[in-house]
Amino acid sequence: MKIAVFPGDGIGSEVTREAVRVLEALDLPGLTLFEGDVGAIAYHRHGHPLPQETLAMAKAADAILFGAVGDPSCDNLERHLRPEQAVLGLRSELGLFSNLRPATVFAGLEDMSGLRPELARTIDMLIVRELNGDVYFGDKGMRTTADGQREGWDMMSYSESEVRRIANSGFQAARKRSSRLCSVDKANVLETSQLWRDVVIETAAEYPDVELSHLYVDNAAMQLVKDPGQFDVILTGNLFGDILSDLASMCVGSIGLLASASLGERETDFGTFGLYEPIHGSAPDIAGQGKANPMATILSAAMMLRHSFGDEAQAARIEAAVAMALADGIRGGDLGGKLGTSAIGDAVLERL
Ligand code: NAI
Ligand code: MG
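Residues numbered from 1 in each chain as written. Chains lettered and ligands numbered in written order. Predicted model: local features only at pLDDT ≥ 70, side-chain atom pairs only at ≥ 80, totals over all residues.

*Asks:* Help me out: how do you make sense of helix 1 (residues 11–25) in this one?
*Replies:* Think of an α-helix as 3.6 residues a turn; residues three or four steps apart then line up on the same face. Taking 1.5 Å of rise per residue, 15 residues should cover 21 Å, and helix 1 covers 22 Å from first to last C-alpha, within 8% of that figure. For helix 1, the tally of buried residues reaches eleven of 15 residues, placing the bulk of the element in the interior. Listed as buried for helix 1 are Ile-11, Gly-12, Ser-13, Glu-14, Val-15, Thr-16, Glu-18, Ala-19, Val-20, Val-22 and Leu-23. Note on helix 1: the residue one or two positions beyond its end, Asp-27, has a positive phi of about 55 degrees. (Helix = DSSP H or I, 4+ residues; strand = E, 2+ residues; numbered from the N terminus. Expected span 1.5 Å × (residues − 1). Buried ≥ 20, exposed ≤ 12 C-beta atoms within 10 Å, placed from the backbone.)

See the structure below:
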């Protein structure tokens, strides 16, 4: 079991350290961990946020555990040298097009939600976000027009095959849950979204057992706050998924709790190759202070065991240990508590 660990910047190294401790505590047979540089730290050491040797390490692994990238020291670099390009580069180079972001409210945390507790209690959803297309990867640029104004553009586009493969991921995920899929787009205004909706409806023919609905993204944002319990699996594009999943994180209580899996089509000897990371960033405001909540990264390691190593039992064991710690009142600053990163890691390990 070869796991490439890319801690990255800011709190990335603090939170991945705790997830690695959890993986090591499981006594997994043949577990090998190797570490590589990504992000600002990679730029400062090697001149590039995603060095060739890191990419080679990623390709040789069965799964990747990723912390976070991004650092103010790189704010004025050209876009292709910015730390964030490391995660975009890994997603596209490795064909990781399907991003799974589960959001549930842990027992005892209902009062930490941005929503009323009775609404928070109903949240149990999975956001399936497309990761390889959309406005993030389209042609982009900045120019000065004839009348002397600056103009910036980012091209939004999706091909039929890109929509079809993520639609399949969404329907398959829905089948494993309560068989309800809500596709989110902006088909009333965007051609990209019209294609999205048409292809999702075509794909639905192969999944007659899944109940499909559609929402425009603005309404979806409203519905997530008004009645989050109506959602099971949400299928959406790269940009809308980015925004809606941060919104969902605040309904759950803290961004420090939300894990993610990014999967492609490559199968290894153990399961599907994937990259696992918390949905949060490098949090420069609290970096280096031992304050970050490592639970999102620990839960990402659980997702890794489930999807890349087919080990549902160990995945569930980690998730139960985190749930138990939260039920016992283990709280970092993000949840109104005082415990630091390693103390939270200790608490999860004890319960494991
Ligand atoms: P952020 O997610 O890093 O932080 C947002 C807020 O949440 C901050 O107040 C932070 O202190 C808090 N927070 C985040 N994770 C936490 C945790 N585990 N425990 C406790 N509090 C936590 O988002 P922000 O500030 O917009 O971005 C900072 C940098 O991270 C930027 O350079 C951004 O581009 C990058 N970023 C990288 C991502 C990635 O590597 N996949 C994803 C999102 C942002
Ligand atoms: Mg984001």
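*Asks:* Any chance you could explain the site of ligand 1 here in plain terms?
*Replies:* Near ligand 1 you find 21 residues, and of these Gly-70, Gly-256, His-280, Gly-281 and Asp-334 are the closest. Elements with a contribution of two residues or more to the shell around ligand 1: helix 1 and helix 4 (84–93). Class assignment for the residues of the shell around ligand 1 results in eleven nonpolar, six polar and four charged. (Near = placed C-beta within 6 Å. Nonpolar A, V, L, I, M, F, W, Y, C, P; charged D, E, K, R; others polar.)

*Asks:* Looking at this structure, how should I read the packing of helix 6 (residues 160–176) against helix 7 (residues 191–204)?
*Replies:* Packed helices, taken two at a time, are described by their axes: the angle between them and the distance between them. Direction vectors running N to C along helix 6 and helix 7 enclose 50 degrees, while the axes themselves pass 9 Å from each other. For the element pair helix 6 / helix 7, the angle class is oblique. The two elements helix 6 and helix 7 meet at a crossing, and its hand is right-handed. Residues Glu-160, Val-163, Arg-164, Ala-167, Asn-168 and Phe-171 of helix 6 lie in contact with helix 7, whose contacting residues are Leu-195, Trp-196, Val-199, Val-200 and Thr-203. Class assignment of the residues belonging to the contact of helix 6 with helix 7 gives a composition of seven nonpolar, two polar and two charged. (Axes fitted to C-alpha atoms, helices over the stretch in contact; angles between N-to-C directions. Parallel < 35°, antiparallel > 145°, perpendicular 65-115°, else oblique. Left-handed = near helix turned anticlockwise from the far one by under 90°. Contact = placed C-beta atoms within 7 Å.)

*Asks:* For this particular structure, what's the right way to read the domain arrangement of the protein?
*Replies:* One frequent convention defines the size of an interface as the accessible area lost when the parts assemble. Annotation of the protein at the domain level lists domain 1 (1–97 + 262–352) and domain 2 (110–252). The gap between the C-alpha centroids of domain 1 and domain 2 is 24 Å. Facing the nine residues of domain 1 at the interface are ten residues of domain 2. The leading source of residues in the side of domain 1 that touches domain 2 is helix 4, at three residues. Its residues placed into classes, the side of domain 1 that touches domain 2 shows five nonpolar, three polar and one charged. (Domains from an automatic or database assignment.)

*Asks:* When you look at the nonpolar core in this model, what are you seeing that I'm missing?
*Replies:* The nonpolar side chains of a soluble globular protein tend to be buried with one another. Of all hydrophobic cores here, the largest spans 105 residues; its most connected members are Ile-64, Ile-234, Tyr-276, Ile-298 and Ala-301. Counting residues per element, this core draws most heavily on helix 10 (residues 295–307), at nine residues. Each of domain 1 (1–97 + 262–352) and domain 2 (110–252) contributes no fewer than three residues to this core. Dropping the residues within four chain positions of it, Ala-301 is found in contact with Ala-19, Val-22, Leu-23, Leu-65, Tyr-276 and Ile-318. (Core = buried A, V, L, I, M, F, W, Y, C linked by C-beta atoms within 7 Å.)

*Asks:* Can you help me understand the UniProt feature "site: Important for catalysis" (unreviewed entry) in the protein in this one?
*Replies:* Within the UniProt annotation, "site: Important for catalysis" (unreviewed entry) is assigned to Tyr-136 and Lys-186. Inspection of the secondary structure assignment puts Tyr-136 in the loop between strand 5 (124–130) and strand 6 (140–144). By C-beta crowding, Tyr-136 is classed as partly exposed, having 19 other C-beta atoms within 10 Å. In this structure Tyr-136 touches Leu-88 and Asn-238, once residues within four positions along its chain are discounted. As for its position among the elements, Lys-186 is in the loop between strand 8 (180–185) and helix 7. A count of 21 C-beta atoms within 10 Å places Lys-186 in the buried class. Each residue touching Lys-186, except ones within four places of it in the same chain, is listed here: Ser-193, Tyr-216 and Val-217. (UniProt positions renumbered as here; feature names shortened; annotations may be inferred.)

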